[in-house]
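Results of the structural survey
Residue-level listing of the chains:
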Amino acid sequence: MRFQQLLHVRRLASAGATTLMRRPITTTTITTTSRTALAATYPAFATTVRTMAGSGAPIPELTEITDNVQRGNYATLTDKDVAHFEQLLGKNFVLTEDLEGYNICFLKRIRGNSKLVLKPGSTAEVAAILKYCNERRLAVVPQGGNTGLVGGSVPICDEIVLSLARLNKVLSVDEVTGIAVVEAGCILENFDQRAREVGLTVPLDLGAKASCHIGGNVSTNAGGVRVVRYGNLHGSVLGVEAVLATGQVLDLMSNFKKDNTGYHMKHLFIGSEGTLGVVTKLSMLCPHSSRAVNVAFIGLNSFDDVLKTFVSAKRNLGEILSSCELIDERALNTALEQFKFLNSPISGFPFYMLIETSGSNGDHDEEKINQFIGDGMERGEIQDGTVTGDPGKVQEIWKIREMVPLGLIEKSFCFKYDISLPLRDFYNIVDVMRERCGPLATVVCGYGHLGDSNLHLNVSCEEFNDEIYKRVEPFVYEYTSKLKGSISAEHGIGFLKKDYLHYSKDPVAIGYMREMKKLLDPNSILNPYKVLN
């Protein structure tokens with residue numbers, strides 16, 4: 001379909017002035033009904049709208065196998081164990097066949113060898129499962145939507161998969177207090193749709209929202225595109241219900257933002273990736289949804305101009321700034337090449353920024369964002385751009401950003417790194433890696449959440465090989481550590497980064513993390529081989 005008229009802004013090089021023009025842009029709207037067709041054409045897109053488990057999707061060729069991992073001192077699953085779980089849950093919720101989708105990670109780098117998937121339907125059933133597994137010393141890996149990028153939600157050896165998919169209810173949404181209570185297996189997009197029915201929104205938005213689970217988001221402290229506005233989940237989550245390895249249910253639920261009564265133990269389960277306990281329920285503070293949303297997609301000639309524009313956005317958009325994303329030229333071009341349904345409104349620039357505002361007064365917000373862009377053009381920092389407040393067109397521009405990471409894995413192998421870096425050094429590592437990898441890499445690019453210093457560095461090659469792997473790791477982590485950055489901004493540690501945790505955490509801190517693990521999971525049955533080496 002064709003957009004109606006988008007407000008398009010361009011800096012006139014000859015006069016140095018700014019003009020506002022209207023021009024039609026051809027694009028395609030992605031609706032729920034069209035996702036099936038897209039998934040059939042683009043394998044990477046398929047995994048964002050549904051997990052592979054039970055979907056009939058082809059099993060991928062793997063590029064990294066876990067055969068070299070030494071299996072822990074755990075019991076081996078027996079027929080008697082399976083019979084016990086069938087009696088507890090019912091045979092329909094105890095799976096022993098067609099488990100490939102539960103065993104393979106999103107990036108196709110890890111294939112576990114689990115022989116059993118359990119699908120409890122209540123917290124009591126989760127508790128009974130863990131109590132039994134702890135007594136038998138059977139290892140367990142909690143799993144949500146399996147959209148993680150560090151191998152944290154799949155078995156490494158033969159752990160039992162504990163799927164939270166049936167705990168999928170939104171239990172309550174209070175439009176007065178803004179507090180929602182939801183089960184851990186609820187899909188993020190479904191949660192947000194329910195919140196919007198009463199004028200609220202979930203303060204978390206990310207590309208995998210159509211298949212990721214809110215419990216998995218909390219367990220990994222997922223960030224997403226609006227941390228610059230709402231902060232991370234340590235602030236938004238008011239309370240959790242978690243089941244410990246012993247089967248004990250820990251009720252840390254709260255309906256208050258202010259609750260200063262001793263240690264806030266909920267934080268132990270936000271970002272601990274299922275290694276300390278299994279989150280089964282949570283309460284979250286949901287802000288009111290904005291009446292007016294505007295998005296600008298702008299082109300810039302240098303990263304220095306990107307930084308100046310970001311500072312200007314914080315200063316001049318202030319309270320209505322809700323997202324600030326960066327995409328470099330190589331990342332954008334790769335997405336456009338892989339997904340023909342995408343159409344970028346502007347092209348030909350080294351850097352692009354997606355800036356979103358959200359507020360309650362459409363006229364006020366539109367005036368502010370137009371003034372912001374106009375001033376940036378007059379200073380020569382912004383070269384070209386598109387601005388829209390139409391909901392459908394806003395979604396189309398966001399779809400460009402959401403498809404960038406998928407474009408990089410559609411037809412090639414991609415080393416993906418999720419790092420926090422000081423803003424002044426934010427993009428330097430991309431240039432360093434291009435030089436370091438040379439012709440071994442087909443694409444080296446960067447995109448990410450500029451608003452909270454979170455860069456997604458990507459190094460693509462035709463297929464996994466040791467030569468480029470040794471060029472990339474551990475160099476990326478060493479480089480990040482020297483700048484006092486974080487080796488994991490929002491994806492977690494999981495399996496793929498466990499050997500590199502020391503680049504971001506002090507040895508004393510890691511020691512206390514181990515003590516915490518021993519206290520809450522004495523037999524180490526919860527998500528073994530992850531986070532702590």
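Residues numbered from 1 in each chain as written. Predicted model: local features only at pLDDT ≥ 70, side-chain atom pairs only at ≥ 80, totals over all residues. Heavy atoms only, no water.

- An unreviewed UniProt entry annotates the chain as D-2-hydroxyglutarate dehydrogenase, mitochondrial of Drosophila melanogaster.
- Turning to the chain, the UniProt annotation filed under Subcellular location (unreviewed entry) states: "Peroxisome".
- As its UniProt record puts it under Cofactor (unreviewed entry), the chain is described as follows: "FAD". (UniProt positions renumbered as here; feature names shortened; annotations may be inferred.)

Re the overall build of the chain
- Within the chain, the regular secondary structure consists of 18 helices and 18 strands.
- Within the chain, buried positions represent 56% of all 533 residues.
- In the chain, 74% of the contacts between residues at least 6 apart in sequence involve partners at least 24 apart.
- Here the chain displays about 22600 Å² of accessible surface, and carbon together with sulfur accounts for 49% of that area. (Helix = DSSP H or I, 4+ residues; strand = E, 2+ residues; numbered from the N terminus. Buried < 20%, exposed > 50% of the residue type's maximum accessible area, 1.4 Å probe, protein only. Contact = heavy atoms within 4.5 Å. Areas by Shrake-Rupley, 256 points an atom, 1.4 Å probe, with all protein chains shown as cover.)

Focus on the confidence of the model for the chain
- In the predicted model, the chain carries a mean pLDDT of 89, and 87% of its residues have values of at least 70.
- This model gives residues 1-61 a pLDDT under 50, and the stretch forms 137 contacts once residues within four places in sequence are excluded. (pLDDT = per-residue confidence, 0-100.)

So, the sheet that holds strand β8 (residues 179-183)
- Within the open sheet, the five strands sit side by side as β7-β8-β11-β9-β10. Their pairing is antiparallel. A single partner strand is all that each edge strand has here, and the edge strands are β7 (170-173) and β10 (249-252). For this sheet, the mean angle separating the axes of adjacent strands, direction not counted, is 10°.
- The pairing of strand β9 (residues 237-243) with β10 spans four bridges and is classified as antiparallel. Its bridge partner being in β10, Val-240 is matched across the sheet by Leu-252.
- Contacts from helix α5 (residues 123-136) reach β9, β10 and β11 (278-285), with the element oriented near 45° to β9.
- Relative to β7, helix α6 (residues 188-196) is tilted by about 30°, and along the sheet it contacts β7, β8 and β11. (Pairing = 2+ DSSP bridges. Axes fitted to C-alpha atoms, helices over the stretch in contact; angles between N-to-C directions.)

Overview of the environment of Asp-259
- Along the polypeptide, Asp-259 turns up in the loop between β10 and α10 (266-269).
- A relative accessible area of 32% means that Asp-259 is categorised as partly exposed.
- Sequence-wise, Asp-259 and Leu-238 are 21 residues apart; in three dimensions their C-alpha atoms are separated by 9.1 Å.
- A polar side-chain atom of Asp-259 sits 2.8 Å from a polar atom in the side chain of Thr-261. (Polar contact = N/O pair within 3.5 Å; in protein donor to acceptor, adjacent residues only side chain to side chain.)

Here's the deal with helix α13 (residues 362-378)
- Taking 1.5 Å per residue, 17 residues should reach 24 Å; α13 reaches 24 Å between its end C-alpha atoms and fits that length.
- Asp-365, Ile-369, Asn-370, Phe-372, Ile-373, Gly-374, Gly-376 and Met-377 are the residues of α13 that are buried.
- Measuring from the side-chain oxygen of the N-cap residue of α13 to the backbone nitrogen of Asp-363 gives 3.2 Å; that N-cap residue is Asn-361.
- The positive-phi residue at the C-terminal boundary of α13 is Gly-380, with phi of around 80°. (Expected span 1.5 Å × (residues − 1).)

Regarding the state of the cysteines
- Within the structure shown, the criterion is met by zero disulfides.
- Of the cysteine sulfurs around Cys-445, a residue in no disulfide, the closest is that of Cys-414, at 6.7 Å.
- Note on Cys-445: relative accessible area 0%, which makes it buried. (Disulfide = S-S within 2.5 Å.)

Brief notes about the packing of helix α12 (residues 329-338) against helix α14 (residues 391-407)
- Running from N to C, α12 and α14 cross one another at 85°; their axes reach a closest spacing of 8 Å. In terms of orientation, α12 and α14 fall into the roughly perpendicular class. When α12 is examined against α14, the residues Ala-331, Leu-332, Thr-334, Ala-335 and Gln-338 are found in contact with a partner set consisting of Ile-400, Met-403, Val-404 and Gly-407.
- Counted by class, the contact of α12 with α14 contains six nonpolar, three polar and no charged residues. (Parallel < 35°, antiparallel > 145°, perpendicular 65-115°, else oblique. Nonpolar A, V, L, I, M, F, W, Y, C, P; charged D, E, K, R; others polar.)

Points about the sheet that holds strand β3 (residues 94-95)
- Taking strand neighbours across the sheet as the criterion, the four strands line up as β3-β4-β6-β5 in an open arrangement whose pairing is mixed. Across the chains shown, the open sheet's two edge strands, defined by having one partner strand only, are β3 and β5 (140-143).
- Across four bridges, β5 lies against strand β6 (residues 160-163) in parallel orientation. Among the inter-strand pairings, Val-140 is bridged to a residue of β6, identified as Ile-160.
- Docked against the sheet, α5 engages β4 (117-118), β5 and β6, running at close to 165° with respect to β6.

Overview of the environment of Leu-268
- Among the secondary structure elements, Leu-268 is positioned in helix α10.
- Leu-268 sits 34 residues away from His-234 along the chain, and the two C-alpha atoms are 9.9 Å apart.
- Non-local contacts of Leu-268, meaning those with residues more than four positions away in its chain, are made with Leu-276, Met-516 and Leu-520.

Digging into the pattern of salt bridges
- Tallied over the full model, the rule gives 22 salt bridges.
- We note a salt bridge from Glu-241 to Lys-281, for which the minimum N-O separation is 3.8 Å. You can see Glu-241 sitting in strand β9 and its partner Lys-281 sitting in strand β11, a full 40 residues away along the chain.
- Judged by its relative accessible area of 10%, Glu-241 is buried.
- Where Glu-381 meets Arg-379, a salt bridge forms, and the shortest distance between an N and an O atom there is 3.1 Å.
- Look at Arg-379 and you get partly exposed, because its relative accessible area is 45%.
- Salt bridges here are not isolated pairs; linked through shared partners, they connect Asp-205, Lys-209, Arg-226, Glu-356, Lys-399 and Glu-402. (Salt bridge = Lys/Arg side-chain N within 4 Å of Asp/Glu carboxyl O.)

Regarding the layout of surface pockets
- A volume near 1100 Å³ is recorded for the largest pocket.
- Considering the residues around the largest pocket, the lining is formed by 49 residues, among which Gly-271, Ser-272, Glu-273, Met-513 and Val-531 are closest to the centre.
- Every element with two or more residues in the lining of the largest pocket is listed here: α10 and α18 (507-520).
- Take the lining of the largest pocket: its biggest share by element is six residues, from α18.
- Split into classes, the residues belonging to the lining of the largest pocket amount to 18 nonpolar, 21 polar and ten charged. (1 Å grid on protein atoms, 1.4 Å probe; cavity = no way out; pocket = protein on both sides within 12 Å on 5 of 7 lines; lining within 4 Å. Points joined across faces, edges and corners; volume = space filled by probe spheres on them.)

As for the packing of aromatic side chains
- Counted according to the given criterion, the structure contains 18 aromatic pairs.
- Seen from their ring centres, Phe-413 and Phe-464 are 5.4 Å apart, and the 80° between their planes marks the pair as edge-to-face. Of the two residues, Phe-413 is situated in strand β16 (residues 413-420) and Phe-464 in the loop between β18 (454-461) and α16 (466-472); the sequence distance between them amounts to 51 residues.
- Consider the rings of Phe-475 and Tyr-479, whose centres lie 6.0 Å apart with planes at 45°: the pair is tilted. Placement of the pair is Phe-475 and Tyr-479 together in helix α17 (residues 475-482), with a separation of four residues, close to one helical turn.
- The rings of Phe-303, Phe-351, Phe-426 and Tyr-427 are connected pair by pair, giving a single aromatic cluster.
- It is Arg-166 that lies over the ring of Phe-93; its NZ or CZ is 3.5 Å from the centre.
- Above the plane of the ring of Phe-475 lies Arg-436, whose end atom (NZ or CZ) is 4.1 Å from the centre. (Phe/Tyr/Trp six-rings, centres within 6.5 Å; stacked < 30°, edge-to-face > 60°. Lys NZ or Arg CZ within 6 Å of the ring centre and 35° of its normal.)

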